[in-house]
Amino acid sequence: MDGFHTNIEKDTLENELFRKVLYTTPRSQLVLMTLRAGEEIGLETHAEHDQFIRIEAGEGKAFLNDATYDLADGSALVIPAGTKHNIVNTGSGSMRLYTLYTPPEHPDGTIHATKAEADAAHH
């Protein structure tokens with residue numbers, strides 16, 4: 001494993017997929033996501049995963065346990081394991097973000113074109 005290099009801002013802004021795993025190691029994972037207007041990731045809690053999220057475009061809200069945060073280009077979140085959370089796109093355009101999971105959350109190479117496809121894969 002030689003590592004990974006990319007222009008993460010370019011990749012994130014060009015991504016049209018709901019979820020695209022870019023790179024996975026045994027201890028971490030880099031994932032691109034795009035939420036359409038009004039779309040959300042969905043309320044979830046990762047018992048064993050910390051998560052970092054960086055917004056590159058769009059606007060929305062982050063819900064972490066009982067706290068609510070406004071999101072816009074440049075916003076970053078750190079979500080410790082065990083934190084109930086959701087990300088909601090409240091804007092009129094797409095919200096584009098990348099996230100790091102430690103340890104990995106999804107199988108390497110995962111691509112979900114839509115939220116419906118991602119939901120179906122988890123059930």
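For the structure itself, look to the data block above.
Rules used throughout
Residues numbered from 1 in each chain as written. Predicted model: local features only at pLDDT ≥ 70, side-chain atom pairs only at ≥ 80, totals over all residues. Heavy atoms only, no water. Helix = DSSP H or I, 4+ residues; strand = E, 2+ residues; numbered from the N terminus. Buried < 20%, exposed > 50% of the residue type's maximum accessible area, 1.4 Å probe, protein only. Core = buried A, V, L, I, M, F, W, Y, C linked by side-chain atoms within 4.5 Å. Contact = heavy atoms within 4.5 Å. Pairing = 2+ DSSP bridges.

*Asks:* Describe the environment of E9, listing the residues and the values that go with them.
*Replies:* Relative to the assigned elements, E9 resides in helix α1 (residues 8–14). Sequence-wise, E9 and I79 are 70 residues apart; in three dimensions their C-alpha atoms are separated by 21 Å.

*Asks:* Just give me the short version of unusual backbone geometry, but keep the residues and values in it.
*Replies:* A cis geometry characterises the amide bond from T102 onward to P103, with omega recorded as -5 degrees. Structurally, P103 can be placed in the loop between β9 (95–102) and β10 (111–112). With a phi angle near 50 degrees, N65 is a residue other than glycine that sits in the positive phi range. If you trace the backbone, N65 turns up in the loop between β5 (60–64) and β6 (67–71). Taking the relative accessible area as the measure of exposure, N65 reaches 44% and is therefore partly exposed.

*Asks:* Pulling in residues and values, what's your account of the nonpolar core?
*Replies:* Among the nonpolar cores identified, the biggest contains 18 residues, and I53, L71, L77, I87, M95 and L97 are the most heavily contacted of them. Only β2 (29–35), β4 (50–57), β5, β7 (76–79) and β9 provide two or more residues apiece to this core. Residue contacts for I87: discarding those within four places in its chain leaves L35, E39, E40, I41, I53, K61, A62, L71, L77, M95 and L97.

*Asks:* Got a sec to walk through the sheet that holds strand β3 (residues 44–45)? Specific residues and values, please.
*Replies:* Pairing is antiparallel in the open sheet, where four strands are placed in the order β3-β8-β5-β6. The open sheet has two edge strands, β3 and β6, and neither has a second partner. In this structure, β5 lies alongside β6, joined through five bridges in antiparallel fashion. Counted as the bridge partner of K61 is D70 from β6.

*Asks:* Break down the sheet that holds strand β1 (residues 19–24) for me, with residues and values.
*Replies:* Pairing is antiparallel in the open sheet, where six strands are placed in the order β7-β4-β9-β2-β1-β10. Looking at which strands have only one partner, the edges of the open sheet turn out to be β7 and β10. Relative to β9, β4 is paired through seven bridges, and the arrangement is antiparallel. Following the sheet pairing, R54 is matched in β9 by Y98.

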